[in-house]
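So the chains spell out like this:
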Amino acid sequence: MLRMSIKGTFSRWQRLVLSGLAVVLGVMFVSGALVLTATLGGSYTDTARRAHAGTDVAVSSADTISAAGAPAALVERLAGVDGVARATGVVSADGARLVDARGKVVPSPDLPRLGVSWPGQAGSVQLRAGRGPQRDDEVAISTMLASAAGVRVGDRVAVLTLRPKQTFTLVGTFAYADPEQQVVAFTEPVAQALMLGTPGAFTSVAVTARPGVSPAQLRERITTALGPGYRIRTGEQLARAEAATRGRSLGLTGDLLLGFAGVALLVGAFLILNTFSMLVAQRTRELALLRAVGAGRRQIVGSVLTEAAVVGLGGSVAGLAAGVAVGALVARERVVVPADAVVTAFAVGLLVTTAAALLPALRAARVPPVAALRDAAAPERPLTRLTVVGAVVLAAGLGLVGFGLAASDQGAAPLILSGVPVAFTGVTLLTPALARPAAGLLGRAFAWSVSGRLARLNAGRNPRRTAATAAALMVGVALLAGISTVFASATTSVGRLVTDRFKADLIVSGDANGSSRTGFDPAVLTRAAALPGVLAVTGVGEGGAVIDGQPAYVETVTDVPALRDMLSLTPAEGTIGALADDQILVDQRAVTPAGPHVGDRVTVRLPRGEPRQFTLAGIYTDTDLLTGWLLPASAASGLKQPLPSRAFVRLAPGTDVAAARGRLDRLLADSPEVGVSDRAEYTAQENAKADRLLRTVQVLLGLAMVIAVLGIANTVTLSVLERTRELGLLRAVGLRRFQTMMMTAAEATVISVFGALLGVAVGVALGAATVRALQTQGVTELSVPIDQLLVYLGLAALAGTLAAIPPAARAARLNILTAIAHD
């Protein structure tokens, strides 16, 4: 039986190739994500090891909020620890942005832009031209940065840091451990002032061990000598930690790819299920003969599953190879193929194919030996049981969603988000019951011709087959429609919020720089307030802090009344007015019934300076335009980035906005990373990240829809093979070649439109439920993107029709006599 099953699989390879391709694409997603993660993760670790090659132990403060992690006294203290050969203070922080020859900041979308103290030629730094900085107006930069900026040794270069733009003489270029890293090296005092804002402080201390002392031993000695309050790691631990930090976004990318791999495999499972169901139906006589000559039910099941395993094995091999190729192409590094990628590729490929083929295999085992005497396939089974189960599951899902819609804001999201997939499953189970009436209704569009009427009947002939084919397309379209509805609602919500509550006419905003935005010179605020037509200007700084022992996000405001008016802030408790130097405001979401309350004292510890006591002057109501704690402008000096990063400008009625914007732009000439936008542009900027994510999702889900379209092509192809004799008889009684092609293509169109319409309806409904669950996150307006949904629907119908052209042409070319004689 095993040899016969394998031989039979290869004899029917043309009927199974599309199922195998679905497995290939799904496995490619899985293995590609794992290979990419392993390859880049290994590269990040190697780079970090080179960067810390001369460090045996690194010591910094355990206080993550502090701007300076190691005071100068710590260097002297470490130098006296037994086993220490050398202790060197290191300044290395993100935020040194070089301005190129065109006056633009050199972009670095993926890596931090490091400002460091010149370490000399050691470890990760090797001079390539010139020398290291010796005076406070000199810098050296990495060769990659020099090439990107178009500057050479001897040029005057501008650098943006925690302070406004300053100009230096470029005296050297050097190779860094990571060739893609932007690095600006200053003298030590300048690096401390510009990158940390604290003279005499360091980011960390690099310690070198004496001969005979291992890094682990030295770490233990330093831990004993310093006690708690410090983060003490060996060079290897530091390298792994930095690689892990850099790889977090990579991990999110890998998780995203794995998620879409799951969608692709789910869609592929429908294709495989349909393929083997049709093959079993077509081989009824063959299976019955096997039963008649002594094959048992288990052997029949094993035979079908063996065929599925062969398809899964071949798809896994090809998918793994494709995944490795994709990983290598994206990473552009020496490829690392981890063992888990290989194991997962084969496990996923075999599991999906065998699981999808299990129901057809069990159905094959139930074929009685007497069926060998019949000249017809087994009769279609009733849909009653499946319909009842689908209705129960759908009712359960809708019940959860309903309870969520009726629940409070805090309890709505879990109920709704758990009910959505349950309801989705229920709809999928009900698809066969909907297939025949839907095919009859949609087929009316083609009923004006003989071929159209035949296509309408064929589409509804086998509801399970039509449903399985349409369901694969429904999954992809439903996800696209649901996600598009959520994103469109989020965009509309932002627009409505800006329209209703945002009263500023112009917004000054720095580009994102790590965890915060780029700052600009505070003097710009004073000059902007003096411009013609300007009614009010308020600047906002931002950063991390610790409030009453808990991490918090704070913003400093230069003019609280102006901010209140421009952002329509309303008090929930107390007042929102000008703040004294020891007063603070907070949004409603940050407080609990237990407090703090207006009048309470809170302890605020900023990155610089000692903890201070502030009195809570007011609590403002929830708004998505502003969040967190608001401090007076006098507290800005304690932030890690003391410069304002945003400003809101209110103009007098009748003022020319474009002219006012031009005058404001000229004030920011020394801040190339800071721009001015009006309300519409500000809204577009806030939605830009979501738009990019939506486009990525559309592309990835589009690949899942490709698999669904392959399923339509596969179903039509196998249907043509199954109905060869019928097609020959139709041709014999007068159906022309063109009519035969139109009949086959129209059948595919009906199936694809049915799947797409069902997907749009389900997707919009589930998307609307998700929007309700996200109300507490600021998604308050439901918006259905009709234009996008029509595009999805049109593309699905077109793709289904085009997929049917090859099998339709094959049907039209059938020899009439040969087809009639076909068994």
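Residues numbered from 1 in each chain as written. Predicted model: local features only at pLDDT ≥ 70, side-chain atom pairs only at ≥ 80, totals over all residues. Heavy atoms only, no water.

Some points on the overall build of the protein
As a reminder, the rule being used: Put simply, DSSP H or I for four residues or longer makes a helix, DSSP E for two residues or longer makes a strand, and each gets a number counted from the N terminus. Note on definitions: a residue-residue contact is assigned when non-hydrogen atoms from the two residues lie within 4.5 Å. Calculation of accessible area relied on Shrake-Rupley with a 1.4 Å probe; when residues are assessed, cover is drawn exclusively from the protein chains displayed. This count recognises Lys and Arg as positive and Asp and Glu as negative, with His and chain-terminal groups excluded. Charge positions are represented by NZ for Lys, CZ for Arg, CG for Asp and CD for Glu.
Helix and strand content of the protein: 24 helices and 26 strands. Here the analysis covers contacts within the protein between residues at least 6 apart in sequence; of these, 81% occur between residues at least 24 apart. Accessible area of the protein: about 36400 Å², with a carbon and sulfur share of 61%. Of the charged side chains in the protein, 75 are positive and 57 negative, and the gap between their average positions amounts to 14 Å.

As for the packing of helix α14 (residues 450-461) against helix α21 (residues 737-773)
The geometry of a pair of packed helices is captured by two quantities: the angle between their axes and the separation between those axes. As a reminder, the rule being used: To define axes, lines are fitted to C-alpha atoms, for helices over the stretch in contact only, and angles between the resulting N-to-C directions are given on a 0 to 180 degree scale. Here is the rule for angles: anything less than 35 degrees is roughly parallel, anything more than 145 is roughly antiparallel, 65 through 115 is roughly perpendicular, and the remaining ranges are oblique. With the far helix as reference, a near helix turned anticlockwise by less than a right angle produces a left-handed crossing, and one turned clockwise produces a right-handed crossing. Polar here means any residue other than Ala, Val, Leu, Ile, Met, Phe, Trp, Tyr, Cys and Pro, which are nonpolar, and Asp, Glu, Lys and Arg, which are charged; Gly is therefore polar.
Relative orientation of the contacting elements α14 and α21 amounts to 40°, with a least axis distance of 8 Å. When the axis of α14 is compared with that of α21, the two are oblique. Considering how the two elements wind past one another, α14 and α21 form a crossing that is right-handed. Along the contact surface, α14 presents Val450, Ser451, Leu454, Ala455, Asn458 and Ala459, while α21 presents Gln739, Met742, Met743, Ala746, Glu747 and Val750. Of the residues belonging to the contact of α14 with α21, the class tally is eight nonpolar, three polar and one charged.

Details of α14
Filter applied, for reference: In a helix, the anticipated span is given by 1.5 Å times the number of residues less one. Categorising residues by exposure relies on relative accessible area from a 1.4 Å probe, with only protein chains included: less than 20% of the type maximum marks a residue as buried, more than 50% marks it as exposed, and the intermediate range marks it as partly exposed.
The terminal C-alpha atoms of α14, which comprises 12 residues, lie 17 Å apart, in line with the 16 Å expected from a rise of 1.5 Å per residue. Every buried residue belonging to α14 is among Ser451, Gly452, Ala455, Asn458, Ala459 and Gly460, and all of these are buried.

Describing the nonpolar core
Nonpolar side chains tend to gather and get buried jointly when the protein is soluble and globular. Put simply, the rule is: Working definition of a nonpolar core: buried Ala, Val, Leu, Ile, Met, Phe, Trp, Tyr and Cys residues. They are joined through side-chain atoms within 4.5 Å.
In terms of nonpolar packing, the biggest core is built from 94 residues, with Val267, Ile300, Phe424, Leu473, Val475 and Val762 touching the most fellow members. Here this core gets 13 residues from one element, more than from any other, and that element is α21. Of all hydrophobic cores here, the second largest spans 41 residues; its members include Ala87, Val151, Ala201 and Ile232.

Examining a nonpolar patch on the surface
Note the threshold: Residues qualify for a patch when their relative accessible area is over 30% and they have no salt bridge, like charges being joined within 9 Å and the nonpolar side chains of Val, Leu, Ile, Met, Phe, Trp and Tyr within 5 Å. In the sections that follow, a salt bridge refers to a side-chain nitrogen of Lys or Arg positioned within 4 Å of a carboxyl oxygen of Asp or Glu.
On the surface, a nonpolar cluster with roughly 450 Å² of combined accessible area is contributed by Val791, Leu795, Leu798, Leu802 and Ile805. Counting residues per element, the nonpolar patch draws most heavily on helix α22 (residues 786-803), at four residues. In this structure, Val791 sits in helix α22.

Some thoughts on the confidence of the model for the protein
Our working rule: pLDDT expresses how confident the predictor is about each individual residue, on a scale running from 0 to 100.
Mean pLDDT over the protein: 84, with 93% of residues reaching 70 or higher. Element-level mean pLDDT values for the protein span from 58 in strand β16 (residues 512-513) up to 95 in strand β8 (residues 138-142).

Side note on the side chain of Thr173
Relative to the helices and strands, Thr173 resides in strand β10 (residues 166-175). By relative accessible area, which is 9% here, Thr173 ends up buried. The residues touching Thr173, leaving out its near neighbours within four places in the chain, are Leu127, Arg128, Ala129, Ile141, Thr143, Ala146 and Val153.

Brief notes about the environment of Met474
By the element assignment, Met474 lies in helix α15 (residues 463-501). With relative accessibility at 0%, the residue Met474 sits in the buried group. Sequence spacing of Met474 and Val753 is 279 residues, and the spatial spacing of their C-alpha atoms is 9.6 Å. The residues contacting Met474, other than those within four sequence positions of it, are Phe424, Val427, Thr428, Thr431, Gly755, Leu758 and Gly759.

Examining the packing of helix α3 (residues 72-79) against helix α6 (residues 215-226)
α6 packs onto α3 with a crossing angle of 120° between their chain directions and a minimal axis gap of 11 Å. As the angle between them shows, α3 and α6 are arranged oblique. α6 is crossed by α3, and the crossing has right-handed handedness. For the pair α3 and α6, the contacting residues are Leu74, Arg77 and Leu78 in the first and Ile222, Ala225 and Leu226 in the second. Of the residues that constitute the contact of α3 with α6, the class distribution is five nonpolar, no polar and one charged.

Section: the pattern of salt bridges
The final tally for this structure, using the stated rule, is 18 salt bridges. Here Asp670 ties to Lys165 by a salt bridge, and the two come within 3.2 Å at their closest N and O atoms. In this pair, Asp670 is assigned in the loop between α18 (657-667) and β26 (674-678) and Lys165 in the loop between β9 (156-160) and β10, connecting sequence segments 505 residues apart. Residue Lys165 is classed as partly exposed on the basis of its relative accessible area, which comes to 32%. Within the structure, one salt-bridge network assembled from shared partners comprises Asp46, Arg49, Glu236 and Arg240.

Some details on the environment of Ser303
Within the fold, Ser303 resides in helix α10 (residues 297-331). Through-space distance from the C-alpha of Ser303 to that of Leu651 is 78 Å; in sequence the pair is 348 residues apart.

Re unusual backbone geometry
The amide bond that connects Gly595 to the next residue, Pro596, takes the cis arrangement and shows omega of 5°. Mapping Pro596 onto the fold places it in the loop between β21 (583-587) and β22 (601-605). With a phi close to 50°, Asp548 is a non-glycine residue in the positive phi region. Despite not being glycine, Ser568 has its phi angle at roughly 55°, a positive value.

Examining the pairing of β22
Stated formally: Paired strands, as defined in this entry, are two strands with at least two bridges between them according to DSSP.
Burial along β22 is one-sided: Val602 and Val604 are buried, and none of Arg601, Thr603 and Arg605, which face the opposite way, are. Bridging between strand β18 (residues 534-547) and β22 involves two bridges; their strand directions are antiparallel. Bridge pairing links Ile547 to Val604 in β22. Taking the residues between adjacent antiparallel strands as the criterion, β22 and strand β23 (residues 612-620) are bridged by six residues, where Gly609 takes a positive phi near 90°.

Some points on the packing of aromatic side chains
For clarity, the threshold we go by: Pairing of aromatic rings covers Phe, Tyr and the six-membered ring of Trp, with a centre-to-centre limit of 6.5 Å; geometry is then stacked below 30 degrees between planes, edge-to-face above 60, and tilted otherwise.
Throughout the structure, instances matching the rule amount to four aromatic pairs. Put simply, the rings of Phe502, Phe648 and Tyr682 pair up and form one aromatic cluster.

Quick notes on the sheet that holds strand β3 (residues 84-90)
Pairing in this open sheet of four strands is antiparallel, and the strands run β3-β13-β1-β14 from one edge to the other. Each edge of the open sheet carries a strand with a single partner, namely β3 and β14 (230-234). Ignoring which end each strand starts from, the neighbouring axes of this sheet average 20° apart. Examined bridge by bridge, β3 and strand β13 (residues 204-209) share six bridges and lie antiparallel to one another. Across the sheet, the residue bridging to Ala87 is Val207, located in β13.

Thoughts on the environment of Ser637
Within the fold, Ser637 resides in the loop between β24 (629-632) and β25 (646-651). Given the relative accessible area of 53%, Ser637 is considered exposed. Distance in space between the C-alpha atoms of Ser637 and Glu542 is 11 Å, their sequence separation being 95 residues. With residues near it in sequence (within four places) discarded, Ser637 still touches Arg608 and Pro642.

Side note on the side chain of Glu747
Note that Glu747 resides in helix α21. Judged by its relative accessible area of 7%, Glu747 falls in the buried class. In contact with Glu747, not counting residues within four places along its chain, are Ala455, Asn458, Ala459, Ser719 and Arg723.

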